[in-house]
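The residues making up each chain are set out below.
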Amino acid sequence: MRSKVGFALMLGVVAAVLMPARAAFAYIAFVTNEKDNSVSVIDTDKLEVIKTFKVGQRPRGLVLSKDAKWLIICTSDENLIQVYDTKTYKLVKTLPSGPDPELLTLHPSGNPLYVANENDNLVTVVDINSGKIITDIPVGVEPEGMGMSPDGKVLVNTSETTNMAHFIDTKTHKAFDNVLVDSRPRIARFNHAGTQLWVSSEVGGTVTVINPKDRKIIGKIHFEIPGITKEAIQPVGVQISKDDKIAFVALGPANRVAVVDTATLKVMKYLLVGQRVWHMAFTPDYKLLLTANGTSNDVSVIDVPRLKVIKSITVGRYPWGVVVAPF
Amino acid sequence: MAAGVRAASSHHGRNFATARFGLALMMLVTPVVAGAAPALAQETPAVEKPAAAKPAAEKPATGAAESADTSANDTAKKPLVIPIVLARQLRDEPLPLSLLDLPPPDLGIAGAELAVKDNNTTGKFMNEKFTLDVIKEANPDKLIKDVVQKVDAGDHFILADVAPDTLLKMADTLANKDALIINYGAPDDRLRQEDCRADVVHTAPSRAMLADALAQYLIWKKWNKWFLVLGPQEKDKLYADALKRAAKRFGAKIVEERKFDYKPGSRRADGGYEQVQKQIPSFTQSAPDYDVLVVADEGNLFGDYLPYRTWDPRPVAGTAGLVAESWHPAIELWGGTQFQNRFKLMADRNMRPLDYNAWLGARMIGEAAFRTKSNKYKDMVAFMKSPKFELAGFKGVGLSLRDWDGQMRQPVLVAAPKLLVSVSPQPGFLHQSTVLDTLGFDKPETKCKAYKQ
């Protein structure tokens, strides 16, 4: 590849001169292209695709291993999980899952991996080192969203047709509470302090904020955008800023990301991004937020401090999910 | 097509088997490793079958604090039971032309069964349990009598796939009882209009909705001149009427109307195409200039003869060729793939519109029970008819009931035999409250008096 030092140096100069708000180090973002069976690799400083590599059939949810050496991808139509080397982009191994894995999350300790299997109402727990299934946890119909509490004690799974957030004890692997939310919950996301759990409801058009301690609903966020029909507002991806003050909610075919004040649960602003925006990821310094826009085949880049969309990067067809590696 | 589908589903089944085998192996290992193993080992057999197939005997998940002594609570926490009756009037109808269209014996019923399984998976967490009682009967009076018996025994919810007159008679017989009929079979507009009943709701789209959905797409395509061909059956005339209404509403013109007098007999003979190949071109000859032939043949008794055989090279739409329907076995939008897979795994065939309509009906009941946390008729029906009610039906938007006639508003698929072509409402057809109400009879057009407005 190229000299890291020289590059970083050059970068520092560019950043200082042109874009003081931007990251001073290049990170690498990985975007799954659902229709192309590929992953686009983006240099987050140049903001361009530097490589595209082929993966298994219908890549969707993806996470990085704790040491960022592995890129772990649900290849849904192969009913398994593929692990790629984040430097060489070579397939390292495959991990088992149930049928049609969609979203996954890692325990904060780095292992195990929790996978939502939409086809058989189970969350599968996989040891990523041994590649063995530890257990399956029965949940509602069409499990999807996977939220991990910062302390790793609670996993929250959302089930799209059951319309619930299932609170699962990661020690006993049992659901200990279930909270009904609006139709078709897609994502569960804890804030960094572990004091709020955000659950997006795609068909309900709302986000429910739950107190993880007593599982009581703190509030519900509704979205209204002039000129956009109520039906087109379909919240999916949720990301919360490093200081827990601002949440970003991707609104699907409304082609916008809502910026929400986490204290008042009021929408501060809507950012226009690409079409059918679903999943999002911050750069490790939390200065940029990348959004995967399914039907416009691009990734929008949001400057987080300025709350502005600064660029759109063309990737493969039907970009689904995105993660950013700290190198 | 059918063969391909079957092959795909058995392939899927194999994957499943392998996964399960791995799981079973795993289970042998786990007891040694994990602390919670004994409990796990007992519960894991449930994994062997899709979760929904599990008997409701499985313990409902409860709070962490309670989970230690659930066994003590088992008798105290009996689940609320919500029985559902499915009434199907067996009718003697000629078989459709295509081998692919032959009705499976569990048509519609399988959709209700899947919804009850889905409901029971959620019910485990809500301590609610759903049952399905299927009554199949040819004699309408006997069918109604059996349904009344169920209602008198305490059942409240009836999924109905019956002839329009049977539906009305059933509704009138049950008028003073706590019973809601969910019509998932009959598309007749009169059941939503002048003959509407207060305790009847409809998950089946009306003919007007189907025709409007098709018309919007044809208009979007700028195929404005239609050649209408209708069959001899009463329901063909009704569908043709809906097409005429849609043409008027959205600005298409019917330039020619012809009746296809078809004497239904055996649906096939050895050979058979030779005569059709001559018959259809001559039947469609000398029509004024038109963009699309629209056919009204709800029984699929001759419509499928039309594509590729018309005198002029024109597309065919209506009940054959490009059709508007509530569901399609190849739709994968909005998470539909998982839904299709779940159905295929259970019923060993593709999901058809009638299955989908029945699924919606039984899921409505589930949704009402979960949201109200009740199995009481009044609570549940009040919720279904309230603005709070919303059902996710794999159509990208929430589905709800129109408060002027009890019709479920929903997007309608416009599809070719193998793939989806579009989804209506089409862009540009606007409405002051929801674009879904551009399909079918809107509030200002309603003739329904039984629904208070």
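Definitions and limits used
Residues numbered from 1 in each chain as written. Chains lettered and ligands numbered in written order. Predicted model: local features only at pLDDT ≥ 70, side-chain atom pairs only at ≥ 80, totals over all residues. Helix = DSSP H or I, 4+ residues; strand = E, 2+ residues; numbered from the N terminus. Contact = placed C-beta atoms within 7 Å. Rg over C-alpha atoms; globule rule 2.2 N^0.38 Å. Axes fitted to C-alpha atoms, helices over the stretch in contact; angles between N-to-C directions. Parallel < 35°, antiparallel > 145°, perpendicular 65-115°, else oblique. Nonpolar A, V, L, I, M, F, W, Y, C, P; charged D, E, K, R; others polar. Pairing = 2+ DSSP bridges. Buried ≥ 20, exposed ≤ 12 C-beta atoms within 10 Å, placed from the backbone. Arc of directions from axis to C-beta. Left-handed = near helix turned anticlockwise from the far one by under 90°. pLDDT = per-residue confidence, 0-100.

(A) The overall build of chain B, seen in detail. Each helix and strand counted, chain B has 13 helices and 15 strands in total. If you take every contact in chain B between residues at least 6 apart in sequence, the share linking residues at least 24 apart comes to 68%.

(B) Molecular detail of the overall build of chain A. Secondary structure assignment for chain A yields one helix and 28 strands. Radius of gyration (C-alpha) of chain A: 19 Å, near the 20 Å computed for a compact globule of 327 residues. Summarising the internal contacts of chain A: among those between residues at least 6 apart in sequence, 43% fall at separations of at least 24.

(C) Summary view of the packing of helix α12 (residues 353-372) of chain B against helix α13 (residues 377-384) of chain B. Residue and element names in this part refer to chain B. Where α12 meets α13, the closest approach of the two axes is 9 Å, and the angle between their N-to-C directions is 110°. When the interaxial angle is binned, α12 and α13 end up roughly perpendicular. In contact with Met 364, Ala 368, Ala 369, Arg 371 and Thr 372 of α12, α13 contributes Asp 379, Met 380, Phe 383 and Met 384. Of the residues assigned to the contact of α12 with α13, the class counts are six nonpolar, one polar and two charged.

(D) Up close: the sheet that holds strand β16 (residues 185-190) of chain A. All names here are of chain A. Ordered by their spatial adjacency, four strands build an open sheet running β16-β17-β18-β19, and the pairing between neighbours is antiparallel. Edge positions in the sheet fall to β16 and β19 (217-222), since each has one partner strand and no second. Direction aside, the axes of adjacent strands within the sheet are offset by 20° on average.

(E) Highlighting α13 of chain B. Residue and element names in this part refer to chain B. Residues of α13 that are buried: Met 380, Val 381 and Met 384. An end-on view of α13 places all buried positions within 95° of arc, on one side of the element. Those residues of α13 that are buried are in contact with β4 (180-183), α12 and β12 (398-401).

(F) Highlighting the environment of Thr 86 of chain A. Residue and element names in this part refer to chain A. Within the secondary structure layout, Thr 86 lies in the loop between β6 (80-85) and β7 (91-96). Given 20 C-beta atoms within a 10 Å radius, Thr 86 is considered buried. Here the alpha-carbon distance between Thr 86 and Ile 28, two residues 58 residues apart in the chain, equals 9.1 Å. Dropping the residues within four chain positions of it, Thr 86 is found in contact with Leu 64, Ala 68, Lys 69, Trp 70, Leu 71 and Ala 325.

(G) Up close: the packing of helix α5 (residues 109-126) of chain B against α12 of chain B. All names here are of chain B. It is at 6 Å that the axes of α5 and α12 come closest, and there the two elements cross at 25°. In terms of orientation, α5 and α12 fall into the roughly parallel class. Handedness of the α5/α12 crossing: right-handed. Residues Ile 109, Ala 110, Gly 111, Ala 112, Leu 114, Ala 115, Val 116, Asp 118, Asn 119, Thr 122 and Met 126 of α5 form the contact with α12, whose participating residues are Leu 354, Asp 355, Tyr 356, Asn 357, Ala 358, Trp 359, Gly 361, Ala 362, Arg 363, Gly 366 and Phe 370.

(H) Spotlight on the pairing of strand β9 (residues 113-117) of chain A. Residues and elements named next belong to chain A. Taking burial as the measure, the five residues of β9 include five buried ones, the bulk of the element. Residues of β9 alternate between two faces, with Leu 113, Val 115 and Asn 117 on one and Tyr 114 and Ala 116 on the opposite face, all of them buried. Summarising the sheet, strand β8 (residues 101-106) and β9 pair through five bridges and their orientation is antiparallel. Residue pairing across strands places Pro 101 opposite Asn 117, the latter belonging to β9. Between β8 and the antiparallel strand that follows it, β9, lie six residues; Gly 110 among them carries a positive phi value of about 105°. Two elements, β9 and strand β10 (residues 122-126), share five bridges in a ladder whose sense is antiparallel. Counterpart to Val 115 in the pairing with β10 is Thr 124.

(I) Representation of the confidence of the model for chain A. For chain A, per-residue confidence averages 92 on the pLDDT scale, and residues scoring 70 or more make up 92% of the total. Low confidence marks residues 12-23 of chain A, where pLDDT is under 50. Its contacts with residues over four positions away, or in another chain, come to 15 contacts.

(J) Region of the structure containing unusual backbone geometry. Note that the residue after Asn 111 of chain A, namely Pro 112 of chain A, is joined by a cis bond; omega there is 5°. Residue position: Pro 112 of chain A is located in the loop between β8 and β9. That bond from Ser 424 of chain B to Pro 425 of chain B is cis: its omega, 5°, falls within 30 degrees of zero. With respect to the element layout, Pro 425 of chain B can be found in the segment after β15 (420-424). Positive phi, close to 60°, is recorded for Arg 58 of chain A, a residue that is not glycine. With respect to the helices, strands and loops of the structure, Arg 58 of chain A is situated in the loop between β3 (48-54) and β4 (59-64). Here the phi dihedral of Asn 127 of chain B falls at roughly 60°; this positive angle occurs in a residue that is not glycine. Turning to its location among the elements, Asn 127 of chain B is positioned in the loop between α5 and β2 (128-137).

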